[in-house]
Structure formats: structure tokens, C-alpha cells
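Residue-level listing of the chains:
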Amino acid sequence: MRDLQSRGIRDKRVLEAMRSVPRERFVEEALRAEAYNDAALPIGEKQTISQPSTVARMAELALPDGTGKVLEIGSGSGYGAAVLSCLFELVYSVERLPVLSRRALGTIRELGIHNVHFKIFDGSYGWSEFAPYRAILVTAAAPEIPKPLVEQLEEGGRLIVPLADPRNPEQQTLTRSVKRGDALETESLGACRFVPMVGRYGMPK
Ligand code: SAH
């Protein structure tokens, strides 16, 4: 946790959430010893569990206050969703790969977390049924901000998206946007590294 503070994470709620979620439960047994390094790790299906400082940073950018609904695109291991479950009333998390989504659900239930809902779907369309959301976090890199996500955001809501250059997908910038009426105010927050988001509004094949 001292590590997270040295990486600029200040929000007390986020630090507390990071302390309370056992990351080793979201990786396979052979990797448990590495679970507390600040690094991404493989979770199968060519995907990764995000690095802890990235999960904390994105949660902090969502300005959590313990209320409201949050949408996560890219459930992966379920770790990010578990952290968000401490920071929002309800978490909706979409994953396109059934194997990962089912495993994430299993881990979350084993930990006794009940405010996270999973769906297997192309998350670049969002999850309109429960919109609007106070915050939407995309945990895979997209070529542009997917329109449906903007529509599903509350007024004043936060949208956190890693954007990648489609011609050079390793070149990525973390962005945060705030919805104000019909406009979206977007700020760039520096380089980042995520697996590609695929699907309708995802990276071109
Ligand atoms: N938040 C995760 C990190 C997952 S990595 C964690 O804490 O473990 C990104 C995930 O996004 C991968 O599992 C990948 O399968 C998923 N993904 C990529 N494109 C997607 C899409 N269009 N819809 C839903 N999930 C997608």
C-alpha cells in the first residue's frame, strides 16, 4: 500500500479498497507469490489482470463516494470489479469471453461480494439496461471513446478509457471524460498499457 501511495494514489477509500481485496485470489495458484507485485499478470485466454496501481488510479479517477452505479468494460479476472464493489453501491461488469466471466463470478462469490453483476457480451455497446451510470471504466484499449458509453453516462458522470492509436496499438493514453449536457470534456492523463478492446467499437482487426 505504501507502494500505491508512492505512485500517487491519495484517495483514502481507494487505498482501503485496495487493502481489503485479496489479489492473489484472482490469479492462478502458480502465480500467487507474484500477486502483490505492481505488475499485470496472465489470466488465460491471452488476457491479463491489470496492475494494482492502474486499478487504483482508474478507481480514483472515477471519484468514488460509496454511492451510485458503476459500469466496468472488461471483467477479466474480476479483480477490478471487486475493488469497485467497495467504492460504489452497485457494479455492472461486462466481459466478452465466457470462460473469464464465469471464473470472475465464481471468485467474487467465494469472497462473499454480492453487489457485482456480470454479463457476457460485447461491452463496447455498454450495458444499457441499468444506465445511466455515475462512472464507466474501460479496462481494455479502444481506438476511440465508444458512443454508447457516452449515452449511458449520467450528467456529470466520469468515463475512463485507455485510447490506442489503431496504427500503433502499443501507443496508448489514459483519458478521463466528464459529461456536461451534450458535450464531453476529455483530458489526457499520460501513457498506459492495456490489452486491446475488440468488438463493434473496438480495435480494427
Ligand atoms: N479488469 C480486469 C482486467 C481485464 S483485461 C481485471 O481486473 O482483471 C481486459 C479484458 O477486457 C479482457 O478480459 C478482455 O477479454 C476484455 N475485453 C476486450 N474487449 C472487450 C469487449 N468488447 N467487451 C467486453 N470485454 C472485452
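Rules of the game
Throughout, residues of each chain are indexed from 1 in the direction in which the sequence is written. The model is predicted, so local features are restricted to residues of pLDDT at least 70 and side-chain atom pairs to those at 80 or more, both for listing and for counting; the totals for chains, interfaces and linings are taken over all residues. Excluded from the side-chain calculations are hydrogens and water; all other atoms, namely the structure's heavy atoms, are used. Buried, partly exposed and exposed residues are distinguished by accessible area as a fraction of the type maximum, computed with a 1.4 Å probe on protein chains only: under 20%, between the cut-offs, and over 50%, respectively. For the purposes of this entry, the term helix denotes a DSSP run of H or I that reaches at least four residues, the term strand denotes a run of E that reaches at least two, and both are numbered from the N terminus. Two strands qualify as a pair provided DSSP detects at least 2 bridges between them. Buried and open spaces are told apart on a 1 Å grid over the protein atoms alone, a cavity being a set of points where a 1.4 Å probe fits but cannot get out and a pocket being an open set with protein on both sides within 12 Å along at least five of seven lines. Residues with an atom within 4 Å of a point are the lining residues. Grid points are joined across faces, edges and corners, and a volume is the space filled by probe spheres set on the points. Three classes are used, and their members are as follows: Ala, Val, Leu, Ile, Met, Phe, Trp, Tyr, Cys and Pro are nonpolar, Asp, Glu, Lys and Arg are charged, and the others, Gly among them, are polar. Distances are taken per atom, and a residue is near a molecule or strand as soon as one of its heavy atoms is within 4 Å of it. Counting of polar contacts relies on pairs of N or O atoms within 3.5 Å, with two restrictions inside protein: one atom must be capable of donating a hydrogen and the other of accepting it, and residues adjacent in sequence are counted only when both atoms are side-chain atoms. Residue burial considers only the protein chains on display, and all accessible areas are found by Shrake-Rupley using a 1.4 Å probe. For this analysis, a molecule is said to be in a pocket or cavity if more than half of its atoms are within 2 Å of the grid points defining it.

Q: Hey, could you run me through helix 3 (residues 52–61) in this one?
A: Because each turn of an α-helix spans 3.6 residues, side chains separated by three or four positions end up pointing in the same direction. Counting buried positions along helix 3 gives nine out of ten residues, so the element sits mostly inside the fold. Buried residues of helix 3: P52, S53, T54, V55, A56, M58, A59, E60 and L61, and no others. Of the residues one or two after helix 3, L63 is the one with positive phi, at around 50°.

Q: Teacher, can you tell me more about the pairing of strand 7 (residues 153–165) here?
A: Where a strand is regular, its side chains alternate between the two sheet faces. By the bridge criterion, four bridges tie strand 6 (residues 133–138) to strand 7 in an arrangement that is parallel. Each bridged residue has a counterpart across the sheet, and for L137 the counterpart in strand 7 is I160. Linking strand 7 to strand 8 (residues 168–180), which pair antiparallel, is a turn of two residues.

Q: Please explain the layout of surface pockets as it appears in this structure.
A: To locate leftover empty space, one rolls a probe as large as a water molecule over the atoms. One number sums up the size of the largest pocket: a volume of about 820 Å³. Lining the largest pocket are 45 residues, with S50, T139, A140, F194 and V195 positioned closest to its centre. By residue number, the principal contributor to the lining of the largest pocket is helix 3, which donates six residues. The class makeup of the residues in the lining of the largest pocket is 24 nonpolar, 14 polar and seven charged.

Q: I would appreciate a short explanation of the site of the ligand in the present structure.
A: Looking at the ligand, there are 26 residues lining it, with S77, E95, D122, G123 and V198 nearest. Between the ligand and D122 there is a distance of 2.9 Å, counted from a nitrogen atom to a side-chain nitrogen or oxygen. G123 has a polar backbone atom sitting 2.7 Å from a nitrogen atom of the ligand. When the ligand sits alone it has 590 Å² of accessible area, and the protein chains cover 99% of it. Applying the majority rule of atoms within 2 Å of the grid points places the ligand in the largest pocket.

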